[in-house]
Amino acid sequence: QVQLVESGGGSVQTGGSLRLSCAASGIIFSTYVMGWFRQAPGNERELVARVGSSGFTKYTDSVKGRFTISRDNSKNSVFLQMNSLKPEDTAVYYCNAVRSLLVGAPVFGSWGQGTQVTVSS
């Protein structure tokens, strides 16, 4: 079955940077659009970035110009470089496959444990 393992979170101050990683197994990774989601306390989980199998990317407006998603199909991994972090970026971050670059719904019902990102002012 699919397994998604996120890592790389931490606590930083406003303006800091973090690089998240997600290792996937149990799927033909290269065939999926992959995405990073986040969920802050009291909020619904939202998709913040997605990357197609060929590298095409799409971002939610709030992270454009600050976050960069990338993937390494040879390592079944997807990454999220987060720069110029703001307190409102504080959340648990998860990866999952995404229906398409246009339809941002997650593919798999099971999620990894996520990785906590905390940005202090």
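Look a little higher up for the structure.
Basis of the calculations
- Residues numbered from 1 in each chain as written.
- Predicted model: local features only at pLDDT ≥ 70, side-chain atom pairs only at ≥ 80, totals over all residues.
- Heavy atoms only, no water.
- Phe/Tyr/Trp six-rings, centres within 6.5 Å; stacked < 30°, edge-to-face > 60°.
- Helix = DSSP H or I, 4+ residues; strand = E, 2+ residues; numbered from the N terminus.
- Buried < 20%, exposed > 50% of the residue type's maximum accessible area, 1.4 Å probe, protein only.
- Lys NZ or Arg CZ within 6 Å of the ring centre and 35° of its normal.
- Polar contact = N/O pair within 3.5 Å; in protein donor to acceptor, adjacent residues only side chain to side chain.

**Q** Give me the lowdown on the packing of aromatic side chains, citing residues and values where you can.
**A** For the structure on display, the rule yields 3 aromatic pairs. Between Y32 and F108, the aromatic rings sit 5.4 Å apart at their centres with planes inclined by 55°, giving tilted as the arrangement. With Y32 in the loop between β3 (18-25) and β4 (33-39) and F108 in the loop between β9 (91-98) and β10 (115-120), this residue pair connects regions lying 76 residues apart in the sequence. For Y32, a relative accessible area of 25% corresponds to the partly exposed category. On the numbers, 5.1 Å between centres and 90° between planes, the contact of F37 with W111 is edge-to-face. Taken together, the residues span a long stretch of sequence, with F37 in strand β4 and W111 in the loop between β9 and β10 at a distance of 74 residues. Judged by its relative accessible area of 4%, F37 is buried. The ring centre of F79 lies 4.5 Å from the NZ or CZ of R19, which sits over that ring. Across the ring face of W111, the terminal group of R45 is positioned such that the distance to the ring centre comes to 4.0 Å.

**Q** Account for the side chain of R66, naming residues and giving values.
**A** Here R66 lies in the loop between β6 (57-59) and β7 (67-72). A polar side-chain atom of R66 sits 2.9 Å from the main-chain carbonyl oxygen of S62.

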